[in-house]
Amino acid sequence: ALGVFSILDALDSELRFPAVFFAIPLALDSAWSLLSSLSMYGTARKLRMSKSIVCVCVIILIVAAPRYSSVIIGLLIGFLLIADALWRGASAVVVRFEGWRSSFVFACFEFVLGFGSLFPWPTAWEGSVGIDVGGLMLLSGARLCGLGFRIITPPPAMPVPPGLSQGWPCFRPRGPG
């Protein structure tokens, strides 16, 4: 709901929040990624920490240069969304895992959102930070809903995920030793 509000607020020229306010959800996401990286190890830990660093860099762009941040953030988010959509769609088509069609449809939606971020037609870069942040919140919410549906209806041979059976965070040994 917050993502939809953010997008609608950015499209409406009557009421528009300053771009600095959109740094708050990014700061929360950055803090959550950093905290969740503490219970992980290996590549997952590095990915969470890098996500936190990227979020902090975007926050610095929004706060330090609010006049020019809309173009820079629009290009950055647009390229990242398109790259992620191409990677997700290509892997879904090549590997053909169970549920690959829904992953491909999600990749197409992500590609359209990234293309809209690169070429903001109705707004001409006015309010594009709100549209981009709202779009990222919508994508994160859709991914969490997809994960929730997979957890609710697992295949018959799949055991209960460790996060549900052992509590969160899953305390497991950190490598050998």
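Going by the structure above, here's the rest.
Residues numbered from 1 in each chain as written. Predicted model: local features only at pLDDT ≥ 70, side-chain atom pairs only at ≥ 80, totals over all residues. Heavy atoms only, no water.

## Brief notes about the side chain of S117
Thinking step 1. Residue placement: S117 occurs in helix α5 (residues 100–118).
Thinking step 2. Judged by its relative accessible area of 4%, S117 falls in the buried class. (Helix = DSSP H or I, 4+ residues; strand = E, 2+ residues; numbered from the N terminus. Buried < 20%, exposed > 50% of the residue type's maximum accessible area, 1.4 Å probe, protein only.)

## Observations concerning the pattern of salt bridges
Thinking step 1. Counted under the stated rule, the structure contains three salt bridges.
Thinking step 2. For the salt bridge of K51 with D29, the shortest nitrogen-to-oxygen distance reads 3.4 Å. With a gap of 22 residues between them, K51 in helix α3 (residues 43–64) and D29 in helix α2 (residues 23–37) connect regions that are remote in the sequence.
Thinking step 3. Its relative accessible area of 35% is what places K51 among the partly exposed residues.
Thinking step 4. Judged by its relative accessible area of 25%, D29 is partly exposed.
Thinking step 5. In this structure, R88 engages D84 in a salt bridge whose closest nitrogen and oxygen atoms are separated by 3.7 Å. (Salt bridge = Lys/Arg side-chain N within 4 Å of Asp/Glu carboxyl O.)

## Quick notes on helix α6 (residues 128–152)
Thinking step 1. Taking 1.5 Å of rise per residue, the 25 residues of α6 would be expected to cover 36 Å, and the 36 Å separating its terminal C-alpha atoms lies within 8% of that figure.
Thinking step 2. Buried within α6 are the following residues: S128, V129, G130, D132, V133, G134, G135 and L139. (Expected span 1.5 Å × (residues − 1).)

## With respect to the state of the cysteines
Thinking step 1. Across all of its chains, the model carries zero disulfides by this definition.
Thinking step 2. Not part of a disulfide, C55 finds its nearest cysteine sulfur in C57, a span of 9.3 Å.
Thinking step 3. Taking the relative accessible area as the measure of exposure, C55 reaches 8% and is therefore buried. (Disulfide = S-S within 2.5 Å.)

## Examining α2
Thinking step 1. For α2, which comprises 15 residues, the first-to-last C-alpha distance of 21 Å matches the rise-based estimate of 21 Å (1.5 Å per residue) to within 8%.
Thinking step 2. Of all the residues in α2, the buried ones are A23, L26, S30, S33, S36 and S37. The buried residues of α2 occupy an angular sector of 155° when the element is viewed end-on, so they sit on one face. The exposed residues of α2 that point more than 90 degrees off its buried face are I24, L28 and L35.
Thinking step 3. Residues of α2 that are buried make contact with α3 and α6. (Arc of directions from axis to C-beta. Contact = heavy atoms within 4.5 Å.)

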